[in-house]
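Report on the structure
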Amino acid sequence: MNQELNAEVIAIGTEILLGELTDTNSVFIARTLRDLGINLFFMTSVGDNEKRIADSIKIALGRSQIVITCGGLGPTIDDMTRQSVAAATGRGLTFHQDLLDQIAERFAGFRAQMTENNRRQAYIPDDAVILTNPVGTAPCFAVEYSDQVVISLPGVPREMKFLMIEKVVPYLRERYGITGKIIKAKILKAAGIGESALDEVIGKALLEANNPTVGLAAHSGQIDVRITAKAESSAEADAMIAIVEAQLREHIDDYIFGIDTDSIEGALIAALREQGAKLIVGEVGIAPILSEQIKAAFGDDVIAAVQTEPSPEQLADELGIRETLPLRQLAERAAEWWAAAHGAAVALVVVSRSDALEDHADTNDGSAVAVFVDGKLRSRSYGFGGGTDTARQWTGTWAMSMAWRMLREGIDSQ
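Summarised in this report is the structure supplied together with it. Owing to the predicted nature of the structure, the values given are computational and were not obtained by experimental measurement. What you see as residue numbers is a count from 1 along each chain, following the sequence as written. Restriction of local features to residues with pLDDT of at least 70 applies here, the model being predicted, together with a cutoff of 80 or more for giving and counting side-chain atom pairs; totals for whole chains, interfaces and linings are based on all residues. In computing side-chain values, all of the structure's heavy atoms are included and hydrogens and water are not.

The subject of this paragraph is the overall build of the protein. Helix and strand assignments follow DSSP, with helices taken as H or I runs no shorter than four residues and strands as E runs no shorter than two, numbered in order from the N terminus. Helix and strand counts for the protein come out as 14 helices and 17 strands. Principal-axis analysis of the C-alpha atoms gives the protein an extent of 80 × 50 × 40 Å. We call a residue buried when its accessible area falls under 20% of the maximum for its residue type, exposed when it is over 50%, and partly exposed in between, using a 1.4 Å probe and counting protein chains only. Looking at the protein as a whole, 49% of its 414 residues are labelled buried. Of all intrachain contacts in the protein linking residues separated by at least 6 positions in sequence, the fraction that spans at least 24 positions is 69%. For the protein, the computed accessible surface area is about 19200 Å², with 49% contributed by carbon and sulfur atoms. For this count, His and the chain ends are skipped, Lys and Arg are scored as positive, and Asp and Glu as negative. The location of each charge is read from NZ of Lys, CZ of Arg, CG of Asp or CD of Glu. Positive and negative side-chain charges of the protein, numbering 38 and 58 respectively, have mean locations separated by a distance of 3 Å. We call two residues in contact whenever any of their non-hydrogen atoms come within 4.5 Å of each other. Methods summary: accessible areas were calculated by the Shrake-Rupley approach with a probe of 1.4 Å, and residue burial reflects only the protein chains presented.

On to helix α11 (residues 289–296), then. Taken residue by residue, α11 has Leu 290, Ser 291 and Ile 294 as its buried positions. Buried residues of α11, seen end-on, are gathered within an arc of 95° and therefore sit on one face of the element. Downstream of α11 by one or two residues, Phe 298 has phi in the positive range, about 65°. The reported arc concerns the directions from the helix axis to the C-beta atoms and nothing else.

Moving on, we get to empty space enclosed by the protein. Lining residues are those with an atom within 4 Å of a point, where the points come from a 1 Å grid over the protein atoms alone and group into cavities, where a 1.4 Å probe fits but cannot get out, or pockets, open sets with protein on both sides within 12 Å along at least five of seven lines. Grid points are joined across faces, edges and corners, and a volume is the space filled by probe spheres set on the points. Evaluated as defined, the whole model comprises one cavity of 30 Å³ or more. In this structure, the largest cavity encloses a volume near 50 Å³. What lines the largest cavity is simply Glu 283, Ile 286, Ala 287, Ile 289, Leu 290, Gln 293, Val 350, Arg 392, Thr 395 and Gly 396. Put simply, the parts of the chain that give the lining of the largest cavity at least two residues each are α11 and α14 (389–412). Gly is put with the polar residues, along with every residue not named as nonpolar or charged; the nonpolar set is Ala, Val, Leu, Ile, Met, Phe, Trp, Tyr, Cys and Pro, and the charged set is Asp, Glu, Lys and Arg. Considering only residue class, the lining of the largest cavity consists of five nonpolar, three polar and two charged.

The subject of this paragraph is the nonpolar core. Side chains of a nonpolar character, in soluble globular proteins, are inclined to be buried together. Here, nonpolar core means buried Ala, Val, Leu, Ile, Met, Phe, Trp, Tyr and Cys residues that are tied together by side-chain atoms lying within 4.5 Å of each other. Ranked by internal contacts, the top residues of the largest apolar core, which has 47 residues, are Leu 33, Ile 38, Ile 66, Ile 151 and Leu 172. Looking at which element gives the most residues to this core, the answer is helix α6 (residues 157–176), with eight residues. What Leu 33 contacts, discounting residues up to four positions off in sequence, is Ala 7, Val 9, Ile 38, Leu 40, Ile 68, Met 164 and Leu 172.

Let us look at the packing of helix α3 (residues 50–61) against helix α4 (residues 81–88). Contact geometry for α3 and α4: axes closest at 8 Å, N-to-C directions at 50°. It follows from the interaxial angle that α3 and α4 lie oblique. When you trace α3 past α4, the crossing you get is right-handed. Within the contact between the two elements, α3 uses Glu 50, Ile 53, Ala 54, Ile 57 and Lys 58 and α4 uses Gln 83, Ser 84, Val 85, Ala 87 and Ala 88. Inter-axis angles, ranging from 0 to 180 degrees, are taken between N-to-C directions of lines fitted to C-alpha atoms, where helices are fitted over the stretch in contact. For classification, angles of less than 35 degrees are called roughly parallel, those exceeding 145 degrees roughly antiparallel, those between 65 and 115 degrees roughly perpendicular, and all remaining angles oblique. Crossing handedness: left-handed means the near helix sits turned counterclockwise from the far one by under a right angle, and right-handed means the same turn made clockwise.

Quick look at the packing of helix α7 (residues 195–202) against helix α9 (residues 234–252) now. As a packed pair, α7 and α9 sit with axes 9 Å apart at the nearest point and diverge in direction by 115°. Seen from above, α7 lies across α9 with right-handed handedness. Judged by residue contacts, Leu 198, Val 201 and Ile 202 of α7 engage Leu 248, His 251 and Ile 252 from α9.

Attention shifts here to the packing of aromatic side chains. Stacked, tilted and edge-to-face are the three classes applied to pairs of Phe, Tyr and Trp rings, where Trp contributes its six-membered ring and a pair requires centres within 6.5 Å; stacked means planes under 30 degrees apart, edge-to-face means over 60, and tilted covers the rest. For the structure on display, the rule yields four aromatic pairs. On the numbers, 5.2 Å between centres and 50° between planes, the contact of Phe 95 with Tyr 123 is tilted. With Phe 95 in strand β4 (residues 93–95) and Tyr 123 in strand β5 (residues 123–125), the pair connects residues that are 28 residues apart, well separated along the chain. You can call Tyr 123 partly exposed: its relative accessible area is 32%. Ring geometry for Phe 257 and Trp 404: centres 5.9 Å apart, planes at 70°, overall edge-to-face. Residue Phe 257 is found in strand β12 (residues 256–259), and its partner Trp 404 is found in helix α14; the two are separated by 147 residues along the sequence. Of the two residues examined, Phe 257 and Trp 404, each falls in the buried class. In this structure an aromatic cluster arises from ring pairing among Tyr 382, Phe 384 and Trp 394. We call a charge positioned above a ring when the Lys NZ or Arg CZ atom is no farther than 6 Å from the ring centre and deviates by at most 35 degrees from the ring normal. Over the aromatic face of Phe 42 sits the side chain of Arg 63, whose NZ or CZ is 3.6 Å from the ring centroid. Lying over the aromatic face of Phe 95, Arg 119 brings its terminal NZ or CZ to 4.3 Å of the ring centre.

Glancing now at the pattern of salt bridges. Salt bridge, as applied in this entry: a Lys or Arg side-chain nitrogen positioned within 4 Å of an Asp or Glu carboxyl oxygen. Tallied over the full model, the rule gives 15 salt bridges. Linking Lys 230 and Glu 4 is a salt bridge whose minimum nitrogen-to-oxygen distance equals 2.9 Å. Here Glu 4 lies in the segment before β1 (6–12) and Lys 230 lies in strand β11 (residues 222–231), a separation of 226 residues in the sequence. Given the relative accessible area of 15%, Lys 230 is considered buried. Glu 4 gets classed as partly exposed once you look at its relative accessible area, which sits at 44%. Residue Arg 405 is joined to Glu 409 by a salt bridge in which the shortest nitrogen-to-oxygen separation is 3.6 Å. Here Arg 405 and its partner Glu 409 are both found in helix α14, four residues apart, which amounts to about one turn of the helix. Connected via shared salt-bridge partners are Lys 186, Glu 245, Arg 249 and Asp 253.

With an omega dihedral of 5°, the bond running from Asn 211 to Pro 212 counts as a cis peptide bond. With respect to the secondary-structure elements, Pro 212 resides in the loop between α8 (204–207) and β10 (213–218). Backbone geometry places Asp 260, a non-glycine residue, at a positive phi of 50°. With respect to the secondary-structure elements, Asp 260 resides in the loop between β12 and α10 (264–275). The class of Asp 260 is partly exposed, set by a relative accessible area of 34%. One non-glycine residue, Phe 298, lies in the positive phi region at around 65°. Locating Phe 298 in the fold gives a position in the loop between α11 and β14 (303–309).

In structure tokens form, the structure reads like this:
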């Protein structure tokens, strides 16, 4: 590749903005561009409005050589990508009879009647390069604009993926002289440390390096440390990543539980088996998400028991607690109690009020998590209750991450 190329992806569709559709297309396009060695600095979502789509394309052309739109190429009145691309690049639309014939042929193959509105799909921006679509009815195209290009793909994922790989990648390679340069990434999974603390431990030198780059993405209880390298070959990128990974591990190896797709539940199960330890899981006022995650990762053998109660009040009754305690203290008591009752070294307890709403998360005593490992306790409280998606996603992850870290600390101190 003779130059650094920047791209931008524009996902088109009001259903994306309304949250009715998850935009997986942009993710696929991003990964494909990454593998080509093309920088992607912006991803935009825009609704079905001709002016806003055109404005988004103009903005993208102001900062990127390659703009890829996805969606809005259908036959209905709210499919506005064709005219928006034409407007953004200062040209009109040209009717192509051969495209209409191809669309008619596709319908005939389906034994379906083509309707008159499909004629809209045969209008393409003037002088566009047509990218034939053998797997769908929406014609796709590339509008070359000086040294830039706007490429428009359909929103149907199956069609988009086929066209991206079979049509767009070869087109971009030829137009921009893209050779073997690629971008590769590796993720180190860390737990038991906060994002700001991890940032400090890693240090500026690594975090501000240009190639490979190092970036952090925090989740509840765990952090992804992404190493990204751009190189002429896969082997060269792997070698560059290996050097930075070794440098990172000098600083944060104690916190790394896995790489790429490794899960915290898998790391916790491995740590329990290594120490021959058994686990108690307590889930109060919340669905049995935590225990099911561990079982799904083939960890049935490490679970000594699963304790459940419908509410914090019923948990307090079981433990013989008469005073009203904050959920955090109640979870700590339960973790110690259940660990002792079952003779287990580790207990993970989530206590929630199922009626605590997420929109009052700053004021609610909604959920608490307690982790007991070999006589040591750590706990955390949240404002959202057990009936929310957030509680189901966050509490279990934090509990497993902290349990893994505490087990790791035990190994390190031996």
